[in-house]
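Listed below are the residues making up each chain.
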Amino acid sequence: MIPNVLTVAGSDSGGGAGIQADLKTMLALGVHGMSVITAVTAQNSLGVQGAWELPVEAVRAQYRSVVDDIGVQAIKTGMLASAELVETVAELIGGTDAPAVVDPVGVSKHGDSLLAASALDSVRTKLLPVATVATPNLDEVAQITGVHVESEEQLRGAAAAVLAYGPRWVLIKGGHLPGDAVDLLTDGSEEHWLRAPRYDNRHTHGTGCTLASAIASGLAKGLSVPEAVAAAKEYVTGAIEAGFALGEGIGPVDHGWRFRGGS
Ligand SMILES: Nc1ncnc2c1ncn2[C@@H]1O[C@H](COP(=O)(O)OP(=O)(O)O)[C@@H](O)[C@H]1O
Ligand SMILES: Cc1ncc(COP(=O)(O)OP(=O)(O)O)c(N)n1
């Protein structure tokens, strides 16, 4: 049986991040990808030119259509835009028996906001408590917890601050630090450090969405959280190495790198 994975996220018209990155990742990793679209963005390699949220009832209806008939083995969340949508999605996930990977998307690589400031409290108190794995980047850690990370040694403190909001595991992504691309996965007792070479490639649009979707795909296939995160890190690292130019700005990672001869 092919496992079903659901992404609850925003659309990126440029195809590098959001729903489009999630579904490409799922295809590349051999699972059946499905989507609940929360918002539509007009976005390209230069930034986000516009964003429109979907009504709460449209999000609920998409979710129920998928979960009640088809069923899901794992869920991934991305751009949720507003407090109302964060709370709706948290309630839906809380009532579903499947692991959830929560990427608490705050701003895009170009600095465009994808989450209202008024939604941060709902992320802390409603969304993080239902997460099996939360995957904040360092800007999101600062937004959520007030902890600013400037070195690898500070990742442990950041992880503890996020875990205090209730996710079972947290993966702190150190992609914005200089040096090797180092992430820390922990549940408060086990620690797993994930280290990869930093590729000097500016075409890195969609790294966070890709990593979170790859983790959800691994969980749906029955991997443990540490196994799913290790496999996802390997996949996103290859996709970053193969990232390519598109438009005039920051191009996407290559979700299809393994089909093109990468190993
Ligand atoms: N230039 C790079 N080379 C290799 N890995 C990277 C690079 N940039 C980010 N990563 C890795 O990509 C993943 C996503 O991290 P990050 O870019 O920080 O997320 P986000 O897209 O949410 O900002 C992490 O595993 C991080 O370590
Ligand atoms: C619609 C949408 N969702 C999420 C993001 C952020 O994606 P991410 O993988 O963190 O990549 P960057 O934007 O940081 O390159 C997005 N841009 N659009």
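Residues numbered from 1 in each chain as written. Chains lettered and ligands numbered in written order. Predicted model: local features only at pLDDT ≥ 70, side-chain atom pairs only at ≥ 80, totals over all residues. Heavy atoms only, no water.

- Within an unreviewed UniProt entry, the label attached to the protein reads Bifunctional hydroxymethylpyrimidine kinase/phosphomethylpyrimidine kinase, and the organism entered is Streptomyces shaanxiensis.
- Under the UniProt heading Function (unreviewed entry), the entry covering the protein gives this text: "Catalyzes the phosphorylation of hydroxymethylpyrimidine phosphate (HMP-P) to HMP-PP, and of HMP to HMP-P."
- Word for word, the UniProt comment on the protein under Pathway (unreviewed entry) is "Cofactor biosynthesis; thiamine diphosphate biosynthesis; 4-amino-2-methyl-5-diphosphomethylpyrimidine from 5-amino-1-(5-phospho-D-ribosyl)imidazole: step 3/3." (UniProt positions renumbered as here; feature names shortened; annotations may be inferred.)

Regarding the overall build of the protein
Part 1 of the reasoning: Helix and strand counts for the protein stand at eight helices and nine strands.
Part 2 of the reasoning: Relative to the globule expectation of 18 Å for 263 residues, the C-alpha radius of gyration of the protein, 17 Å, shows essentially globular dimensions.
Part 3 of the reasoning: Across its three principal directions, the C-alpha atoms of the protein cover 45 × 40 × 40 Å.
Part 4 of the reasoning: Looking at the protein residue by residue over its 263 residues, the buried ones come to 57%. (Helix = DSSP H or I, 4+ residues; strand = E, 2+ residues; numbered from the N terminus. Rg over C-alpha atoms; globule rule 2.2 N^0.38 Å. Buried < 20%, exposed > 50% of the residue type's maximum accessible area, 1.4 Å probe, protein only.)

Thoughts on the packing of helix α5 (residues 138–145) against helix α6 (residues 155–163)
Part 1 of the reasoning: Contact pair α5 / α6: the axes reach a minimum separation of 10 Å and the direction vectors enclose 50 degrees. One finds that α5 runs oblique with respect to α6. Here the hand of the crossing between α5 and α6 comes out left-handed. Listed contacts from α6 to Leu138, Val141 and Thr145 of α5 are Leu155, Ala158, Ala161 and Val162.
Part 2 of the reasoning: Per-class residue counts for the contact of α5 with α6 are six nonpolar, one polar and no charged. (Axes fitted to C-alpha atoms, helices over the stretch in contact; angles between N-to-C directions. Parallel < 35°, antiparallel > 145°, perpendicular 65-115°, else oblique. Left-handed = near helix turned anticlockwise from the far one by under 90°. Contact = heavy atoms within 4.5 Å. Nonpolar A, V, L, I, M, F, W, Y, C, P; charged D, E, K, R; others polar.)

Examining unusual backbone geometry
Part 1 of the reasoning: Phi is positive for alanine 81, close to 70 degrees, though the residue is something other than glycine.
Part 2 of the reasoning: Secondary-structure assignment places alanine 81 in the loop between β4 (74–77) and α3 (83–94).

Side note on the site of ligand 2
Part 1 of the reasoning: Around ligand 2 there are 16 residues in total, and Gln43, His205, Gly206, Gly208 and Cys209 lie nearest to it.
Part 2 of the reasoning: Glutamine 43 places a side-chain nitrogen or oxygen 2.8 Å from a nitrogen atom of ligand 2.
Part 3 of the reasoning: Glycine 208 places a main-chain nitrogen or oxygen 3.0 Å from an oxygen atom of ligand 2.
Part 4 of the reasoning: For ligand 2, whose free accessible area comes to 420 Å², the fraction covered by protein is 96%.
Part 5 of the reasoning: Of all the secondary-structure elements, those providing two or more residues to the shell around ligand 2 are β1 (4–12) and α7 (207–220).
Part 6 of the reasoning: Here the residues of the shell around ligand 2 are counted per class, giving five nonpolar, ten polar and one charged. (Near = heavy atom within 4 Å. Polar contact = N/O pair within 3.5 Å; in protein donor to acceptor, adjacent residues only side chain to side chain. Areas by Shrake-Rupley, 256 points an atom, 1.4 Å probe, with all protein chains shown as cover.)

Re the nonpolar core
Part 1 of the reasoning: Among the nonpolar cores identified, the biggest contains 50 residues, and Leu6, Val8, Tyr63, Val72, Ile75 and Ile172 are the most heavily contacted of them.
Part 2 of the reasoning: Per element, the largest residue contribution to this core is seven residues, and it comes from α3.
Part 3 of the reasoning: In contact with valine 8, other than residues within four places in its own chain, are Val36, Thr38, Tyr63, Ile75, Lys76, Thr77, Gly78, Leu80 and Val89. (Core = buried A, V, L, I, M, F, W, Y, C linked by side-chain atoms within 4.5 Å.)

Notes on the sheet that holds strand β3 (residues 47–53)
Part 1 of the reasoning: With mixed pairing, the nine strands of this open sheet are ordered in space as β3-β2-β1-β4-β5-β6-β7-β8-β9. Single-partner strands in this sheet number two, and they are β3 and β9 (191–196).
Part 2 of the reasoning: Relative to strand β7 (residues 169–173), strand β6 (residues 133–134) runs parallel, the two sharing two bridges. Across the sheet, residue alanine 134 finds its bridge partner in β7, namely valine 170.
Part 3 of the reasoning: Of the strands in this sheet, β1, β2 (32–44), β3, β4 and β5 (100–102) are in contact with α3, which crosses β4 at around 170 degrees. (Pairing = 2+ DSSP bridges.)

Focus: the environment of leucine 171
Part 1 of the reasoning: Considering the arrangement of structural elements, one finds leucine 171 in strand β7.
Part 2 of the reasoning: For leucine 171, a relative accessible area of 1% gives the class buried.
Part 3 of the reasoning: The sequence separation of leucine 171 and threonine 135 amounts to 36 residues, and the corresponding C-alpha distance is 4.8 Å.
Part 4 of the reasoning: Ignoring sequence-local partners within four residues, the contact set of leucine 171 consists of Val133, Ala134, Thr135, Pro136, Asp183, Leu184, Leu185, Leu194, Leu211, Ile215 and Val229.

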